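Notes for the structure review
For reference, the chains in residue letters:
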Amino acid sequence: MKIWASIAIYAALLITALIYREELTLWVTNDPPIYQLYIISIVFAVLPILPYKIIIAAISYAAGVQLGMLITLIGSTVAGILFYFGAAYVFRNTAQKWLATTQVFKGITTWIHEQPFKSILICKLLPIIPQNAINIYAGATAIPFGAYVAATIVGKLPGIIVYSYVGDKLLSSPIAAISIMLIYMVIISLILWLYHKKSKITTQ
């Protein structure tokens, strides 16, 4: 059910972007300054008022695919690092208490600490796991910072690449955007299946 729920979310985001394409076009065609795009990428990663996929697509449409990828990758990584250090040094006790009541990481804690890069990478690829929860978990449980940052960057890249191209093509070529999304959904569904299989093995 979680796989189908993820697919439904992606489809809803795509439909929403198509419905509000005129409003999106108006904003991005006003040629917003680069620094503003960086600020937006960080703020919406820290405060997920809107799904970050929409932010990636909008920024990439405004700045171009390559620059949009760079802006959103840097912005989301900076936001993740803020959560990491906050959980590690500022509100560690609170974060640990919160994690103790969070079901998503139960059963895979040992696996995460045995293979921090691989496990954080997979968690970053999975749309069903809240990204800020991963950031808080990594900081509160002392996952090595280098492994965390490297896994975060590599794990975010596929989604950022996909949504950057979707943002670039959505208004001019919706069919191409939908095709890219469908391919990505298939890949994510496979990753989700492998993740569930790994989780069951780990908990046995």
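Residues numbered from 1 in each chain as written. Predicted model: local features only at pLDDT ≥ 70, side-chain atom pairs only at ≥ 80, totals over all residues. Heavy atoms only, no water.

Formally: UniProt positions are given in the numbering used here, feature names are shortened, and annotations may be inferred rather than shown by experiment.
In the nomenclature of an unreviewed UniProt entry, the protein is known as TVP38/TMEM64 family membrane protein of Paenibacillus turicensis. Per UniProt, the protein carries the Subcellular location (unreviewed entry) text "Cell membrane".

As for the UniProt feature "transmembrane region" (unreviewed entry) in the protein
Definition in use: Numbering of helices and strands runs from the N terminus, with a helix taken as a DSSP run of H or I at least four residues long and a strand as a DSSP run of E at least two residues long.
Sites flagged by UniProt as "transmembrane region" (unreviewed entry) map to residues 37-55, 67-91 and 175-195. Taken end to end, residues 37-55 is 74% helix and 0% strand, and its two terminal C-alpha atoms sit 9 Å from one another. The distance separating the terminal C-alpha atoms of residues 67-91 is 34 Å; by composition the span is 96% helix and 0% strand.

Regarding the environment of Ile59
The condition is simple: Residues count as neighbours in contact if any of their non-hydrogen atoms are within 4.5 Å of one another.
Relative to the helices and strands, Ile59 resides in helix α4 (residues 52-63). Between the C-alpha atom of Ile59 and that of Ser164, which follows or precedes it by 105 residues, the distance is 7.9 Å. When sequence neighbours within four positions are dropped, the list of residues in contact with Ile59 reads Leu37, Ile40, Ser41, Gly64, Gly68, Ile71 and Thr72.

Some thoughts on the environment of Ser119
Just so we agree on the cut-off: The definition of a polar contact used here is a pair of N or O atoms within 3.5 Å, where within protein one atom must be able to donate a hydrogen and the other to accept one, and adjacent residues in sequence count solely through side-chain atom pairs.
Within the secondary structure, Ser119 is located in helix α8 (residues 116-125). It is 9.6 Å that separates the C-alpha atoms of Ser119 and Tyr148, two residues lying 29 residues apart in sequence. Look past the residues within four positions of Ser119 in its chain and what remains in contact with it is Trp111 and Ile112. Within polar-contact distance, the side chain of Ser119 engages the backbone oxygen of Pro116 at 3.2 Å.

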